[in-house]
Protein chains: 2
Amino acid sequence: MYQLTARDIRRRNRFCVLQAVYAAEGHTSRQEIAQATGLSFATVGNMIAELLDVGVLAELGYDAPGIGRPRARLAINPDRGTLVGVDIAETSIHFDLFDLAMTALRSVEIPVDPTATEPADVAELIIRGIGELTAGEADRVLGIGLSVPGLVEPEGGVSVFSPYWHWHNVPLKALLEQRLPYPLYLDNPLKASTAAHLWFGAGRDVDDLIVVTLRAGVGIGVVIDGMLYRGVTNSAGEWGHTNLVLDGRPCSCGRSGCVEAYVSAPGIVQTLRELAPASPLISNDDALTIAAIAAAAARGDLIACEVIEKTGHYLGVTVANLVNLFNPRTMVFGDLVASHLGEPLLEVTRRVAAHHAMSDPFEAVTLQLSTLPHNPASLGAATFALEGFLADRETFGSIAARRALRTTST
Amino acid sequence: MYQLTARDIRRRNRFCVLQAVYAAEGHTSRQEIAQATGLSFATVGNMIAELLDVGVLAELGYDAPGIGRPRARLAINPDRGTLVGVDIAETSIHFDLFDLAMTALRSVEIPVDPTATEPADVAELIIRGIGELTAGEADRVLGIGLSVPGLVEPEGGVSVFSPYWHWHNVPLKALLEQRLPYPLYLDNPLKASTAAHLWFGAGRDVDDLIVVTLRAGVGIGVVIDGMLYRGVTNSAGEWGHTNLVLDGRPCSCGRSGCVEAYVSAPGIVQTLRELAPASPLISNDDALTIAAIAAAAARGDLIACEVIEKTGHYLGVTVANLVNLFNPRTMVFGDLVASHLGEPLLEVTRRVAAHHAMSDPFEAVTLQLSTLPHNPASLGAATFALEGFLADRETFGSIAARRALRTTST
């Protein structure tokens, strides 16, 4: 049976406090954090003392309100160190360097040679990219997060299955860690994007959130009570291959009728092909075709509008299923398809979902587009590194021990 | 943002410890509980001291192992008080009285007059039933749990929507509490059944569990990390009205193609009607028809076997969706349909789900029939009363305070 320890609580509360500081976007105070988190002023004070001690936070002077004691202005200390986010995709690897305020300092992008996709080849590219990204300041890196497509086992850092390169049980972390002497965190793009939204997007306002990623593949990330939900083998949220149409379209996974076959970029292009096989909107690049559908629909093109209508119908039915099953507060739609088809697609989706979902959970949920400015996969991967740093026993454990000692000796 | 308090931890650990005592089915020891829960011996010792203090546990003497200190035998103290579970169904209300070891002491069943289903009428029946059930020992009742069909708001004790009697926002708890001076806990049969499985069924062995109820209506209860998952408005798990077949059969809810239209008792009877409109297996009572299908299939009747095959196909597809989305350790199938069609239905379901689910989460899950001996709705309702008693601040808060005082004064 599951049980909680005092350390779980401290870590959880540390995350809560720091999320409130990030959400303040600038500076904040102990009082405001206590209000935002619902934690007691004493608990907030303890957490802040700890975070100041390790240099994650800095005091920027005092506000002097009309009445009462002056309030110390608190902010993230961007110079405490850097975090690296790596988004490994089929054709390229994207690297971002963040300061501790999660401001992107610079980026590197390296193409993947489609004839060299063995684990050792890809590991070599990752090591090279990180070398370029952190040149001259490698000692400032607090941790590296990697978003690896497919099914990932985060604790061991294993790519259990990667659809692009037919990897099976590749111990990627072990391949990297000898030459990258930093804490390494691996998970897949859905989990990473969801972590990014949890810390820096809609998760700032709500604790129960579903992040829907719509691109070449589709999937969801689920946040429950402010925590990323993983399931027992880290594969919760495999929405893309839930069945939408019994005996429907063939899916890239070998099954038929999967959600992905209808609402992914290739699925939407297929809907267009079925409606108008010779449509001039169709190009060889699905992303361009999706952009062309969006532009054509904006000028009233009937076929393009019908593609959006049909896609919104498919999406609405499966979104209704998710609303019924998870009863979330917010659903955020992001990536290629959502950024191109945007509100028009979401409007149809809302209308169809309103019909198919139970009224009570549907009234409780907001469907909205992603507002994250950055690549959510690499931001999220760096967020895993941030979480890892904040959960580090050596950094924070020793402080807790020191504080306990101080308390005892007074 | 969500945060945890020391009180949350204590309550959570108290539940863990007591679940381990119930799971031992007889007596156990501090050592065994520490092993079963993973809690430290010190924490277990604290929790046990508390539970002995309030009389929930009793010491039954000592085991003398060959080596080491004798171990105190611990067991639930059945005589500490009683709990009432009430299962409100469409045609009757079932009442069970349990001792604190959750042994059913006696039952009462009262039919519901179909012409008198106003909230006041039903409240009157509940008050009468509890009066009969607890006659002569009303002062021993620690709490009453009520399983109320439909959508329930547990905190306020409101029946938000009840499909049978078209109740909307009925403040049932408020109607009852003046004449039933006990702690009252309301939730729906799905949540109640799931609580029963969590404490006394498959939840003894696993923390991530989906309980699938298959009767006139169908639904699921989800256990995540050993806790009942409710969603933001307590309607998580509305699986029965997720879409299975686009533009499929009309459902009792007014939509079409819902899971319930295919795998509920009426849905299965409908499948039989479509295959063999004049089948002698069909009677006016769906429960009898389901029993007849089971008996006919057992003797090799082709139509009955095909009904099971088709039902298992529908069930397998939607079970695969749940496995992909929730990635649970165990799925338990219970109630009317599961108890009649049992393993034959589950066999087809497993085969179809194995094809439709992602292989990794499917390998991680076990699909099994319920083994709970008792009516899970009334047992679960009583379990809510048990949880309420264990979370009671007056009972346990004062002990914690007393203990703190003792510690300070030493």
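Since the model is a prediction, treat every value here as computed from it, not as a measurement.

Here we come to the relation of the copies chain B and chain A. The operation relating chain B to chain A is a screw motion whose rotation component is 180°, with 0.0 Å of axial translation and a residual RMSD of 0.0 Å. When the rotation and shift are considered jointly, the pair of chain copies conforms to a two-fold rotation axis. Closest to the rotation axis within chain B is the C-alpha of Val245(B), separated from it by 3.2 Å.

Right, let's get into the nonpolar core. One finds Trp239(A) and Trp239(B) to be the most contacted residues of the largest nonpolar core, which totals 111 residues. In contact with Trp239(B), other than residues within four places in its own chain, are Leu325(A), Val212(B), Leu214(B), Val218(B), Gly219(B), Ile220(B), Val259(B), Val263(B), Leu315(B), Thr318(B) and Leu322(B).

When two helices pack together, their arrangement is given by the angle between the helix axes and the distance between those axes. Residue and element names in this part refer to chain B. Closest axis-to-axis distance for the helix 1 (residues 6–24)/helix 6 (residues 189–200) pair is 9 Å, and the angle between their directions is 75°. Classed by the angle they form, the pair helix 1 and helix 6 counts as roughly perpendicular. Listed contacts from helix 6 to Phe 15, Leu 18, Gln 19 and Tyr 22 of helix 1 are Leu 198, Trp 199 and Phe 200. Within the contact of helix 1 with helix 6, the residues separate by chemical class into six nonpolar, one polar and no charged.

A word on the sheet that holds strand 7 (residues 151–153) of chain A. Residues and elements named next belong to chain A. If you walk across this open sheet you meet the three strands as 7-8-9, and the pairing is antiparallel. Every other strand in the sheet has two partners, leaving strand 7 and strand 9 (167–170) as the edge strands with one partner each. Strand-to-strand twist in this sheet, taken as the mean axis angle between neighbours without regard to direction, amounts to 15°. Note: strand 8 (residues 158–162) against strand 9, three bridges, orientation antiparallel. Within strand 9, the position partnered with Ser 159 by the bridge is Val 170.

By the assigned domains, chain A splits into domain 1 (6–77), domain 2 (81–193 + 375–391) and domain 3 (202–369). The distance between the C-alpha centroids of domain 1 of chain A and domain 3 of chain A comes to 38 Å.

Okay, the sheet that holds strand 3 (residues 82–88) of chain A next. All names here are of chain A. Spatial strand order, 5-4-3-6-10: five strands in an open sheet with mixed pairing. The open sheet has two edge strands with one neighbour each: strand 5 (104–111) and strand 10 (184–187). Averaged over all pairs of adjacent strands, the angle between strand axes in this sheet comes to 15°, irrespective of strand direction. Relative to the sheet, helix 4 (residues 119–133) contacts strand 3, strand 4 (92–99), strand 5 and strand 6 (141–147), its axis offset from that of strand 4 by approximately 35°.

Quick look at the environment of Glu347(B) now. Tracing the sequence through the fold places Glu347(B) in helix 11 (residues 336–356). Classification of Glu347(B) by relative accessible area gives exposed; the value is 53%.

A few words on the pattern of salt bridges. Residue and element names in this part refer to chain A. Across all of its chains, the model carries 26 salt bridges over all chains by this definition. Taking the shortest distance from any N to any O, the salt bridge between Glu 124 and Arg 179 comes out at 3.1 Å. Of this pair, Glu 124 sits in helix 4 while Arg 179 sits in the loop between helix 5 (172–177) and strand 10, placing them 55 residues apart in sequence. Judged by its relative accessible area of 49%, Arg 179 falls in the partly exposed class.

On to the interface of chain B and chain A, then. Between chain B and chain A, the contact holds 59 residues from the first and 59 residues from the second. Summed over both partners, the interface of chain B with chain A buries about 5,400 Å², with 60% contributed by carbon and sulfur atoms. Connecting chain B to chain A are 28 residue pairs in polar contact (both at pLDDT 80 or more). Of all elements in the fold, only helix 1, helix 2 (30–37), strand 12 (218–224), helix 10 (302–326), helix 11 and helix 12 (359–364) of chain B reach the threshold of two or more residues within the side of chain B that touches chain A. Looking at side-chain class alone, the side of chain B that touches chain A contains 29 nonpolar, 20 polar and ten charged residues.

One can expect most non-glycine residues to show negative phi and most peptide bonds to be in trans. All names here are of chain A. Of note in this structure, Asn 234 is not a glycine but carries a positive phi near 60°. One can find Asn 234 in the loop between strand 13 (227–229) and helix 7 (260–263). Note on Asn 234: relative accessible area 6%, which makes it buried.

The rules behind the values
Numbering of residues begins from 1 in every chain and follows the order in which that chain's sequence is written. Working convention: letters from A go to chains and numbers from 1 go to ligands, in the order in which they are written. Owing to the predicted nature of the model, reporting of local features is limited to residues with pLDDT of at least 70; listing and counting of side-chain atom pairs is limited to 80 or more, with chain, interface and lining totals taken over all residues. In computing side-chain properties, one takes all heavy atoms of the structure into account and sets aside hydrogens as well as water. The copies are overlaid by a least-squares fit using only the C-alpha atoms of residues whose pLDDT is at least 70 in both copies. We call a set of buried residues a nonpolar core when its members are Ala, Val, Leu, Ile, Met, Phe, Trp, Tyr or Cys and they connect through side-chain atoms within 4.5 Å of each other. The buried label goes to any residue with under 20% of its type's maximum accessible area, the exposed label to any with over 50%, and the partly exposed label to all in between, with areas taken from a 1.4 Å probe on protein chains only. Contact between two residues is taken to exist if any of their heavy atoms lie within 4.5 Å; hydrogens are not considered. Helix axes are fitted to C-alpha atoms over the stretch in contact, other axes to C-alpha atoms as well, and angles between N-to-C directions run from 0 to 180 degrees. Working definition: helices are DSSP H or I runs of at least four residues, strands are E runs of at least two. Numbering for both runs from the N terminus. Any angle from 65 to 115 degrees is called roughly perpendicular, while one under 35 is roughly parallel, one over 145 is roughly antiparallel, and all others are oblique. Charged means Asp, Glu, Lys or Arg here, nonpolar means Ala, Val, Leu, Ile, Met, Phe, Trp, Tyr, Cys or Pro, and polar covers whatever is left, Gly included. Two strands form a pair only when DSSP identifies at least two bridges running between them. Domain delimitation in this document rests on an assignment produced automatically or drawn from a domain database. The term salt bridge refers to a pairing of a side-chain nitrogen on Lys or Arg with a carboxyl oxygen on Asp or Glu at a separation within 4 Å. The term buried area denotes the loss of accessible surface (1.4 Å probe radius) that occurs when two parts are joined, taken as the sum for both partners. N or O atoms within 3.5 Å of each other form a polar contact, as long as, within protein, one can give a hydrogen and the other can take it, and as long as residues adjacent in sequence are counted only when both atoms are side-chain atoms.

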